[in-house]
Amino acid sequence: MKDWVWPYASRASMAPAGATLTIHAVTQKDSGEYRCEVTASQDHVNLGEATVTLNVLGKTGEGGVGRGYN
């Protein structure tokens, strides 16, 4: 199950294998730290977590940064 945090619910997608998270139409406002947590909710077990920093560079236009920068 994927629990997306607003405002990313309509802009985030997970690859079928579950190893890649894509945030679509990023803008410079999306820059910052993101934390991803993997859990086995039925067992109440935290399997791991990672923190990454996203820096959106360059000009943004309507709909965010151009293709390839998701």
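In case you missed it, the structure is sitting above this.
Now for a quick tour of the structure. (Residues numbered from 1 in each chain as written. Predicted model: local features only at pLDDT ≥ 70, side-chain atom pairs only at ≥ 80, totals over all residues. Heavy atoms only, no water.)

Regarding the overall build of the chain
Scanning the chain from N- to C-terminus turns up 0 helices and 4 strands. From first element to last, N terminus to C terminus, the chain shows the α and β order β-β-β-β. Each of the 70 residues in the chain was classed as buried or not, and the buried ones make up 14%. Long-range pairs, those at least 24 residues apart, make up 28% of the contacts in the chain with a sequence separation of at least 6. (Helix = DSSP H or I, 4+ residues; strand = E, 2+ residues; numbered from the N terminus. Buried < 20%, exposed > 50% of the residue type's maximum accessible area, 1.4 Å probe, protein only. Contact = heavy atoms within 4.5 Å.)

Considerations on the pairing of strand β4 (residues 45-54)
In this sheet, β4 lies alongside strand β3 (residues 32-40) in antiparallel orientation, the contact comprising 9 bridges. Directly across from Ala 40, in β4, lies its bridge partner Val 45. Where β3 folds back on β4, the antiparallel hairpin that results is connected by 4 residues, among which His 44 adopts a positive phi of roughly 55°. (Pairing = 2+ DSSP bridges.)

A short note on the environment of Leu 21
Considering the arrangement of structural elements, one finds Leu 21 in strand β2 (residues 21-23). For the pair Leu 21 and Cys 36, spaced 15 residues apart in the sequence, the C-alpha separation amounts to 9.3 Å.

Details of the pattern of salt bridges
Scanning the entire structure with this criterion turns up 3 salt bridges. Arg 35 is the salt-bridge partner of Glu 37, the closest N and O atoms lying 2.9 Å from each other. By relative accessible area, which is 39% here, Glu 37 ends up partly exposed. What makes Arg 35 exposed here is its relative accessible area of 52%. One salt bridge in this structure joins Glu 49 and Arg 35, with 3.5 Å as the shortest N-O distance. Within this pair, whereas Glu 49 is found in strand β4, its partner Arg 35 is found in strand β3, the two being separated by 14 residues in sequence. Side by side, Glu 49 and Arg 35 carry an identical accessibility label, which is exposed. Among the ionic contacts, a cluster of salt bridges with common partners joins Arg 35, Glu 37 and Glu 49. (Salt bridge = Lys/Arg side-chain N within 4 Å of Asp/Glu carboxyl O.)

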